[in-house]
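A look at the structure
Okay, here's what each chain looks like letter by letter:
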Amino acid sequence: MRSWKAAILAGVVAFAAAGTTYAADIKIGFIVKQPEEPWFQDEWKFADQAATEKGFTLVKIGAEDGEKVMSAIDNLAAQGAQGFIVCTPDVKLGPGIVAKAMANDLKLMTVDDRLVGADGNALEDVVHMGISATKIGETVGQALADEIKKRGWDMKNVGAIRVSYDQLPTAVDRVEGAIAALKAAGFPAENIYDAPQAKTDTEAALNAATTVLNKHADVKHWIAFGLNDEAVLGAVRATESVGISADNVIGVGIGGAESAINEFKKPTPTGFFGTVIISPKRHGYETAMNMYEWVANDKEPEKLTLTAGALAVRGDYDAVRKDLGIE
Ligand code: FCA
């Protein structure tokens with residue numbers, strides 16, 4: 001009887017040991033599409049905090065195109081990683097990324113940009129953390145409308161630059177949210193001009209916005225919105241380059257990382273009026289923690305988490321950042 005019990009006990013112990021993955025053996029990848037962008041730098045910084053706290057290894061990889069994403073996944077598998085988080089340069093790579101993760105037996109989570117299938121619909125089975133894009137866009141649009149009114153501009157005489165990147169669903173949701181709020185506030189739809197950017201960076205936005213400004217040289221007041229701070233900064237730089245003064249420009253971005261903060265720190269206000277600050281801590285620290293729990297303790301994360309944002313302007317960004325737990 002005793003040996004029978006001992007045998008069971010030994011079995012249980014062996015089973016438990018097999019099921020335990022030690023933190024030091026855990027390796028998690030964090031792949032981002034634009035490593036030079038402050039938002040992604042912040043995501044990595046907070047993911048690093050999770051790694052330090054739990055004692056796992058975080059492998060950060062920048063992958064600006066599809067080929068780099070695919071080789072990054074193979075690379076992680078070769079290094080013995082158990083899972084990875086990715087913000088892909090192209091959401092249409094969705095099925096390919098899922099297949100590669102499965103073939104390499106890697107757990108997969110996406111951040112910021114949600115993968116889509118061949119039909120263009122989101123791959124809902126892939127664990128994802130993104131921003132509440134429409135709602136955050138609405139906050140942008142509302143802030144623009146409020147400031148137009150505060151400056152006493154007649155909306156009929158205001159042009160709007162919609163810096164767009166329509167191949168990315170979250171980008172569409174963000175700008176459409178802004179447009180919905182602007183229209184609800186009485187902004188004329190015919191004054192909204194599309195400025196499609198070739199890439200999601202400041203330079204591409206500057207080029208796209210310059211074309212719009214040159215086409216509508218008679219417009220006095222301008223507002224600008226887009227998918228992130230870089231898009232809006234590009235539009236603001238474009239207004240400066242064609243000689244429109246800062247007090248005739250209201251740009252409201254999304255992000256609140258260094259690109260926006262540097263702008264607020266300039267001694268003289270620019271046309272970059274505000275930004276909706278989102279949380280790189282949630283997108284970096286929390287995704288990395290969730291992946292760790294999944295690998296170490298088999299705790300599968302929620303399929304979909306959408307995070308909120310809060311408007312900040314020159315005078316209050318520090319307080320808003322503290323409120324959001326970023327610093
Ligand atoms: C997208 C944008 C980034 C950031 C992120 C939350 O990936 O390209 O700038 O806004 O969503």
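This one's a predicted model, so the numbers in the text were calculated from it and none came from an experiment.

**Thoughts on the overall build of the protein**
What the protein contains, in helices and strands, is eleven helices and twelve strands. The burial tally for the protein puts 44% of its 327 residues in the buried class. Taking all contacts inside the protein whose residues are at least 6 apart in sequence as the whole, residues at least 24 apart take part in 75%.

**Comments concerning the sheet that holds strand S9 (residues 249-255)**
Across the sheet, six strands lie side by side as S7-S6-S8-S9-S10-S12; this open sheet has mixed pairing. Strands with a single pairing partner mark the edges of an open sheet, and in this sheet they are strand S7 (192-196) and strand S12 (310-313). Recorded for the sheet is a direction-independent mean angle of 20° between the axes of neighbouring strands. Where strand S10 (residues 272-277) lies against S12, four bridges are found, and the strand directions are antiparallel. Opposite Thr275, over in S12, you have Ala312 as the bridge partner. With respect to the sheet, helix H7 (residues 202-215) is in contact with strand S6 (158-164), S7 and strand S8 (221-225), its orientation differing from that of S7 by roughly 140°.

**Observations regarding the environment of Ala101**
Topologically, Ala101 is positioned in helix H4 (residues 94-103). With 20 C-beta atoms packed within 10 Å, Ala101 lands in the buried category. Sequence separation of Ala101 and Gln82 is 19 residues, and the distance between their C-alpha atoms is 9.9 Å. When residues no more than four places from it in sequence are discounted, the contact partners of Ala101 are Ile73, Leu106 and Leu108.

**What to know about the pairing of strand S2 (residues 57-62)**
Working note: regular strand, side chains alternate between the two faces of the sheet. As defined by bridge partners, strand S1 (residues 27-32) adjoins S2 across six bridges and the pair is classed as parallel. When the bridges of S2 are listed, Ile31 appears paired with Ile61.

**Points about the sheet that holds strand S3 (residues 83-87)**
As summarised here, the arrangement of the six strands in space is S2-S1-S3-S4-S5-S11, forming an open sheet in which the pairing is parallel. Among the strands making up the open sheet, the edge pair consists of S2 and strand S11 (304-307). Strand-to-strand twist in this sheet, taken as the mean axis angle between neighbours without regard to direction, amounts to 15°.

**Thoughts on the nonpolar core**
Residues Ile28, Ala209, Ala235 and Ala288 are the most contacted members of the largest nonpolar core, which totals 92 residues. Two domains each put at least three residues into this core: domain 1 (2-130 + 282-306) and domain 2 (133-277). Every residue in contact with Ala235, bar those within four places of it in the chain, is listed here: Ile161, Val163, Ala195, Ala205, Ala209, Ala224, Gly226 and Gly251.

**Observations concerning helix H5 (residues 133-150)**
The terminal C-alpha atoms of H5, which comprises 18 residues, lie 26 Å apart, in line with the 26 Å expected from a rise of 1.5 Å per residue. Listed in full, the buried residues belonging to H5 are Ala133, Ile136, Gly137, Glu138, Thr139, Val140, Gly141, Ala143, Leu144, Ala145 and Ile148. Two residues or fewer past H5, Gly152 is found with a positive phi of approximately 70°.

**Details of the site of the ligand**
Neighbouring the ligand are 13 residues, the closest being Trp39, Asp112, Asp113, Thr200 and Asn228. Its residues assigned to classes, the shell around the ligand comprises six nonpolar, four polar and three charged. Per-domain counts for the shell around the ligand show at least three residues from each of domain 1 (2-130 + 282-306) and domain 2 (133-277).

**Observations concerning the domain arrangement of the protein**
The domain architecture assigned to the protein consists of domain 1 (2-130 + 282-306) and domain 2 (133-277). Summarising the inter-unit geometry, the C-alpha centres of domain 1 and domain 2 are found 35 Å apart. Contacts between the two partners involve ten residues from domain 1, matched on the other side by eleven residues from domain 2. In terms of residues, the side of domain 1 that touches domain 2 owes the most to one element, helix H2 (residues 38-54), which gives three residues. Of the residues in the side of domain 1 that touches domain 2, the class split is four nonpolar, two polar and four charged.

Cut-off values and rules
Residues numbered from 1 in each chain as written. Predicted model: local features only at pLDDT ≥ 70, side-chain atom pairs only at ≥ 80, totals over all residues. Helix = DSSP H or I, 4+ residues; strand = E, 2+ residues; numbered from the N terminus. Buried ≥ 20, exposed ≤ 12 C-beta atoms within 10 Å, placed from the backbone. Contact = placed C-beta atoms within 7 Å. Pairing = 2+ DSSP bridges. Axes fitted to C-alpha atoms, helices over the stretch in contact; angles between N-to-C directions. Core = buried A, V, L, I, M, F, W, Y, C linked by C-beta atoms within 7 Å. Domains from an automatic or database assignment. Expected span 1.5 Å × (residues − 1). Near = placed C-beta within 6 Å. Nonpolar A, V, L, I, M, F, W, Y, C, P; charged D, E, K, R; others polar.

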